[in-house]
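# What the coordinates show
The chain contents come next:
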Amino acid sequence: MRGALHTAILLACGLAGCGRVWNDPYPAEDRGKNILYSFFIERPRHFDPAQSYTSDEFDVIQQIYEPPFQYHYLKRPYQLIPATATEVPHPKYYDERGRELPADADAGRIAYSEYDIPIRPGILYQPHPAFAKDEKGEPAYLSLPEGEIRTKYKLSDFPKTGTRELVADDYVYEIKRLAHPQLVSPIYSHMTDYIVGLKEVGDRLKRDNDTLVAEQQKRYGASDPGRPWIDLRSYELSGVKAVDRYTYRVRIKGKYPQFVYWLAMPFFAPVPWEADRFYSQRGMNDGRNLTLDSYPVGTGAYMISQYDPNFRMTLDANPNFHGETYPAEGAPGDAAAGLLADAGKRMPFTDRIVFTREKESIPLWNKFLQGYYDNAGIASDNFDQAVRAGVGGEAVVTPEMAERGISLVTAVEPTTFYLAFNFKDAVVGGGKGDEHARARARKLRQAVSIAIDWEEFISIFANGRGVPGMGPLPPGIFGYREEAGGYNPVVYDWIGGRSVRKPIQAARKLLVEAGYPDGRDARTGQPLVLYLDTTARGAEDAAQLAWYRRQFAKIDVQLEIRSTDWNRFQEKIRLGNTQMFFLGWHADYPDPENFMFLLYGPNATQDGENKARYENPEFDRLYVQMKNMDSGPRRQAIIDQMVKIAREDAPWAWGLHPKVYSLRNVWVRPGKPNVITRNTLKYIRINPELRDRKREEWNRPVVWPLGMILAVLLLASAPAYLSYRRRERMAAKPAGAPA
Amino acid sequence: MIAYIVRRILYVVPILILVNLLTFWLFFAVNTPDDMARLQLGVRRVTQEAVDKWKAEHGYDKPMLYNGAAQGFGRVTDTIFYEKSVRLFVFDFGNADDGRSIRNAILTRMWPSLAVQLPVFLVGLAVYISFALLMAFFRATYVDFWGVILCVAMMSISTLFYIIGGQYVFSKVWNLVPISGYSPGLDAFKFLALPVAIGTFAGIGSGARWYRTIFLEEMGKDYVRTARAKGLSEATVMFRHVLHNGMIPILTGAVVVIPTLFMGALIMESFFGIPGLGSYTIDAIQAQDFSIVRSMVFLGSVLYILGLLLTDISYTLVDPRVRLE
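Owing to the predicted nature of the structure, the values given are computational and were not obtained by experimental measurement. (Residues numbered from 1 in each chain as written. Chains lettered and ligands numbered in written order. Predicted model: local features only at pLDDT ≥ 70, side-chain atom pairs only at ≥ 80, totals over all residues.)

Helix and strand counts for chain B stand at 15 helices and 0 strands. For chain B, the spread of C-alpha atoms along the principal axes amounts to about 80 × 60 × 35 Å. Long-range contacts, defined here as pairs at least 24 residues apart, represent 67% of the contacts in chain B between residues at least 6 apart. (Helix = DSSP H or I, 4+ residues; strand = E, 2+ residues; numbered from the N terminus. Contact = placed C-beta atoms within 7 Å.)

Written out as structure tokens, the structure reads:
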């Protein structure tokens, strides 16, 4: 029996190619290869650079697409550097009459800004069928008959591939795609406020698209899913044009210094017209997903080779990559930390990246511990197993993790998570009341801000992974001040060299001044009840909701929690039918404007991002001034004023800035966390031999329990078998029994 | 029988229309097309213009059920319900709200679902029947007593516990199989061994108890007494007579689920990272993707009705007294 069991197991494993490690989820032939193993949780929706706007999607497409600029991998504060461009341009300014203005011209005089973006010659696209040529030198796959397309199911079904040089027109083409009526680009509306002519070209495209769709439906029927191709090259976009083969110019309305940051995002990556044409052919998307949304075409370090968003996506190193090298300089301390060891070496360092979908945190964590993922985050359930407080209170890995060589990297995210007070609400915002009513509401907001103990929240609910907010700006963003210069005097005192939350008596005093002594309205005697709208409502949220109630109870205010689903929650915020609610914002780019605009008065609209509907004319005036300035002491001074106003007005209880904790296995070379961009996988180096050794060491199969289970089953069934035999031999009537 | 089958197939049409209408009503009772658009577009910088564009692009810019502005049949046909539903009847599922083909997803994802569900079904059936026969054979003995207690205990434990416990013991402590993942072909064996074992094990409690009840009922009938009186061995009585006659109620429960095996298992697929239709449906519900939800509900209804039809037909195969007319 034992032999049979072993034979069965060996056969099974032989079939599955298990080798010495049985629980390896990857193919045996990939062992020892220079592959980076990562994971994804949510199914990505869009890989089209005009539509993609989530970090999960950016994890993939930022390895493939190359906008003209990128962020320096090591330097902090974050610094823009060229990617495919040769330099980061300085804009030229023009007045209403087209006369060039000096670089320090007053923003009010600037009617247009122009960016000339030079790109490097000689950059090639990844190999792709869209560029393939036939024997006559004509495009091989750009005018395929529908019948032939119906025999193709994946890109590898097109045997020929080709490439071509990246040119300025490809960037122009992509900017026009932001206005494409068949795509819904999330930044289209925003960009129509800035890019000259984008709205006009969008309107024209819509008209032409409607005509083409009508013609197509007439021909193929109303339910035809095909989408006609629109050759964007024939549409002129007045604000964007290629000056020559390697330079394009973007004309912006007014002054918008933050525009260059957008040029580091995939929205502004190049898209070759051939790819657009290739994927637009009838039948490509008919049950095949052969679209740019699934199979991007880029010039980046990697290219997609396997696309299965339900399970696994594979990126292979782009053989045509233009040969970027690892940076030779970084921030102070980087050299000592070994971060410059690869200076000047050609990237990418891995030949392949495999992203596997892991929807659940338990398998993800265990596979990381088994060595099947190179990096991992830390779920709350595993936090105590992974991290402990060090001697100085800093986070360090536990001895168990240290023994495995696992290391921890932390970084504060450029994110703010806040409790917003609706300024349209009469109680917490002052509504349409007079100055007195607004002052009462302000004091109430300040009292609540003191009462909510974010330090405790971070400790209980975030395992210490967060920094209490002192204002709208998170750490790492220009304008954020550390230490004594940065604490919020409305909520904190500076005692013994650190900020200490004001005692609850200070909040009670403010509540009295607001007209609510002991949590009751001084005029009516009615208890003060505040309403919090939230999407939290499950059993797992109960502790957090109870904690919120306790915070308000500290100042004798009753908190009524109105739980709702995400749709209704969003709708309430949009319509302003809330009193208080939690919300967050993650930076698009590392500039204070990207946070301050959340409090800018004119953005207090239904679709605007000023969800608290906060309005302060002085704040707004300073915002306009600040947003058009280069970072420097003058800008810092204005930001200080804005932060002071915001702290005093307290439109948000400032909440927290989350800290990201990331673990990496011993074979992953030390890297630097970058919370602004996601194109960092090309910098990662691994040691595949060490990984294989560790995997074997950590995953030796234990076979004896299988034999034991079998033995227990046999032993348990033996009495039943014996009983059966006894019954079968038993006479129907016992001997000697009366007839 | 052919006339019966044709009649049953014709009954399917109004049932599916009603199922579609119900799905449509339930879905849009909690989601508006605006909600769907905003969920797809994300929460940042979304304008009403973008929402309207998304709705127009995805066919959600029309009235729900009745278009008063249209003429003639257009009042009914130029609506979201008609346009999203009518093509389902020729199994044209269209595209998901993210633009990807639903047909492609179903054709790709049904095989991993089936790869788990079919072995669980077959092995499970064999194990449950064997265990139930064992308990029935030793009725009123310690085997039966402890067997029932074990069944009740196993029924009381959540499937999630078996999954997490199984992953911990077999994959993490003993390192015998991967914790999660999937691969087509022969490599699938190492990924499917644990989910199939857990799926089978988790169902023993309810399955064996249910079949035991069936067998005990059969064993109390006259033909069993007659068989024993003839001097047949107990094994022959059990396997030849009781098992055979117990097949009708077993078929009722078993055949009906065969077509739905394609639809996958929700939790199992999530935890084991199996890219099947169960996790596809869950993802769609979370993403408020009506196109996928209606397609999966429609497909589920069709398969369930098919299962019921197969059950009826199978009765005639195991019980000569049954005639379909």
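For chain A, the count of helices and strands is 22 helices and 23 strands. Considering only C-alpha atoms, chain A reaches an extent of 115 × 85 × 65 Å along its principal axes. Taking the intrachain contacts of chain A between residues at least 6 apart in sequence as the baseline, contacts between residues at least 24 apart amount to 69%.

A separate point is the sheet that holds strand β5 (residues 100–101) of chain A. Residue and element names in this part refer to chain A. Strand order in the open sheet made by the 5 strands is β5-β4-β6-β8-β7, with antiparallel pairing throughout. Edge positions in the sheet fall to β5 and β7 (240–244), since each has one partner strand and no second. Judged from the 4 bridges that link them, β7 and strand β8 (residues 247–253) form a sheet pairing that is antiparallel. Paired with Ala-242 across the bridge in β8 is Tyr-248. Packed on one face of the sheet, helix α4 (residues 168–177) meets β7 and β8 and runs near 175° to β7. (Pairing = 2+ DSSP bridges. Axes fitted to C-alpha atoms, helices over the stretch in contact; angles between N-to-C directions.)

Attention now moves to the environment of A:Arg150. Relative to the helices and strands, A:Arg150 resides in the loop between α3 (146–149) and α4. Each C-alpha atom, one on A:Arg150 and one on A:Arg288, is 8.9 Å from the other, the two residues being 138 residues apart in sequence.

A few words on the domain arrangement of chain A. Taken domain by domain, chain A holds domain 1 (2–18 + 705–731), domain 2 (62–291) and domain 3 (415–660). On a C-alpha basis, the centroid separation for the pair domain 1 of chain A and domain 2 of chain A is 65 Å. (Domains from an automatic or database assignment.)

This part covers the sheet that holds strand β1 (residues 35–40) of chain A. Residues and elements named next belong to chain A. In spatial order, the strands read β1-β11-β10-β9; together these 4 strands make up an open sheet with mixed pairing. Two strands bound the open sheet, and with one partner strand each, they are β1 and β9 (302–308). Between one strand axis and the next, the sheet turns through 20° on average, direction left out of account. Here strand β10 (residues 312–317) pairs with strand β11 (residues 352–357) via 5 bridges, running antiparallel.

Moving on, we get to the pairing of strand β21 (residues 558–563) of chain A. Relative to β21(A), strand β20 (residues 529–534) of chain A runs parallel, the two sharing 6 bridges. In the sheet register, A:Tyr531 faces β21(A), and the bridge partner there is A:Glu560.

In terms of nonpolar packing, the biggest core is built from 185 residues, with A:Leu178, A:Ala447 and A:Met642 touching the most fellow members. Once residues within four sequence positions are removed from consideration, A:Met642 is found in contact with A:Met596, A:Phe619, A:Leu622, A:Tyr623 and A:Met626. The next biggest cluster of nonpolar side chains, apart from the first, holds 24 residues, and it includes A:Trp22, B:Tyr182, B:Phe191 and B:Val196. (Core = buried A, V, L, I, M, F, W, Y, C linked by C-beta atoms within 7 Å. Buried ≥ 20, exposed ≤ 12 C-beta atoms within 10 Å, placed from the backbone.)

Before going further, it helps to examine helix α19 (residues 617–627) of chain A. Residues and elements named next belong to chain A. By the burial criterion, the buried members of α19 are Phe-619, Leu-622, Tyr-623, Met-626 and Lys-627. Burial along α19 is one-sided: seen end-on, the buried residues are contained in an arc of 125°. Residues of α19 that are exposed and angled more than 90 degrees away from the buried face: Pro-617, Glu-618 and Val-624. (Arc of directions from axis to C-beta.)

Once that is clear, we can look at the domain arrangement of chain B. Residue and element names in this part refer to chain B. Under the domain assignment used here, chain B contains domain 1 (2–90) and domain 2 (102–318). Domain 1 and domain 2 are separated by 35 Å when their C-alpha centres are compared. Counting residues per element, the side of domain 1 that touches domain 2 draws most heavily on helix α1 (residues 2–30), which supplies 10 residues.

By convention, interface size is frequently given as the accessible area that disappears when the constituent parts associate. Contact residues are listed per partner, giving 54 residues for chain B and 53 residues for chain A. For the side of chain B that touches chain A, the elements supplying multiple residues, two or more each, are α2 (33–41), α3 (48–58), α6 (102–137), α8 (159–173), α9 (188–219), α13 (266–272) and α14 (277–286) of chain B. Ranked by the residues each element gives to the side of chain B that touches chain A, the list is headed by α3(B), at 6 residues. Each residue belonging to the side of chain B that touches chain A can be placed in one class, and the counts come to 19 nonpolar, 18 polar and 17 charged. (Nonpolar A, V, L, I, M, F, W, Y, C, P; charged D, E, K, R; others polar.)

Cis geometry marks the peptide bond from A:Arg76 to A:Pro77, where omega comes out at 0°. Residue placement: A:Pro77 occurs in the loop between β2 (69–71) and β3 (80–82). The residue after A:Met347, namely A:Pro348, is reached through a cis peptide bond having omega 5°. The residue A:Glu483 is not glycine, and still its phi comes out positive at about 50°. The residue A:Glu483 is located in helix α14 (residues 483–486) in this model. In this structure, B:Phe91 takes a positive phi of about 60° despite not being glycine. Note on placement: B:Phe91 falls in the loop between α5 (80–85) and α6. Judged by local crowding, B:Phe91 falls into the exposed class, with 12 C-beta atoms found within 10 Å.

Packed helix pairs are specified by the crossing angle of their axes together with the interaxial distance, meaning the distance between the axes. Residues and elements named next belong to chain B. Viewed as axis vectors pointing N to C, helix α12 (residues 247–255) and helix α15 (residues 290–318) meet at an angle of 160°, and their least axial separation amounts to 9 Å. With respect to α15, the axis of α12 lies roughly antiparallel. Classified by chirality, the crossing of α15 by α12 is right-handed. Contact residues: Met-247, Ile-248, Leu-251, Thr-252 and Val-255 in α12; Gly-307, Leu-310, Thr-311, Ser-314, Tyr-315 and Val-318 in α15. Of the residues belonging to the contact of α12 with α15, the class tally is 7 nonpolar, 4 polar and no charged. (Parallel < 35°, antiparallel > 145°, perpendicular 65-115°, else oblique. Left-handed = near helix turned anticlockwise from the far one by under 90°.)

What follows covers the packing of helix α10 (residues 222–229) of chain B against helix α11 (residues 234–245) of chain B. All names here are of chain B. Packing of α10 against α11 leaves a shortest axis separation of 11 Å and a crossing angle of 145°. For the pair α10 and α11, the crossing hand works out as right-handed. Across the interface between the two elements, Tyr-223, Val-224, Ala-227 and Arg-228 of α10 pack against Val-237, His-241 and Val-242 of α11. Here the residues of the contact of α10 with α11 sort into 5 nonpolar, 1 polar and 1 charged.

Right, let's talk about the pairing of strand β22 (residues 580–586) of chain A for a bit. Residue and element names in this part refer to chain A. Examined bridge by bridge, strand β16 (residues 415–421) and β22 share 7 bridges and lie antiparallel to one another. Across the sheet, Tyr-418 pairs through a bridge with Leu-583, a residue of β22. Here 2 bridges tie β20 to β22, and the two strands are oriented parallel to one another. Its bridge partner being in β22, Leu-532 is matched across the sheet by Met-580.

Next up on the list: the environment of A:Glu57. All names here are of chain A. Tracing the chain through its elements places Glu-57 in helix α2 (residues 55–61). Each C-alpha atom of the pair Glu-57 and Asp-224 lies 29 Å from the other, and the pair is 167 residues apart in sequence. Filtering out sequence-adjacent residues up to four positions away, Glu-57 remains in contact with Pro-44, Arg-45, His-46, Phe-47 and Ser-52.

Time to look at the confidence of the model for chain A. Averaged over every residue, the pLDDT of chain A is 92; the share at 70 or more is 96%. Low confidence marks residues 13–17 of chain A, where pLDDT is under 50. Its contacts with residues over four positions away, or in another chain, come to 10 contacts. (pLDDT = per-residue confidence, 0-100.)

On to the confidence of the model for chain B, then. Residues and elements named next belong to chain B. Averaged over every residue, the pLDDT of chain B is 88; the share at 70 or more is 99%. Confidence scores differ between elements of chain B, with α12 showing the lowest mean pLDDT of 82 and α8 the highest of 95. Predicted complex metrics record ipTM = 0.87 and pTM = 0.90.

Residues and elements named next belong to chain A. Mapped onto the elements, Leu-364 comes out in helix α9 (residues 361–369). As for Leu-364 and Pro-590, which are separated by 226 residues in sequence, their C-alpha atoms are 31 Å apart. Setting aside anything within four residues of it in sequence, one finds Leu-364 in contact with Phe-39, Glu-358 and Ala-376.

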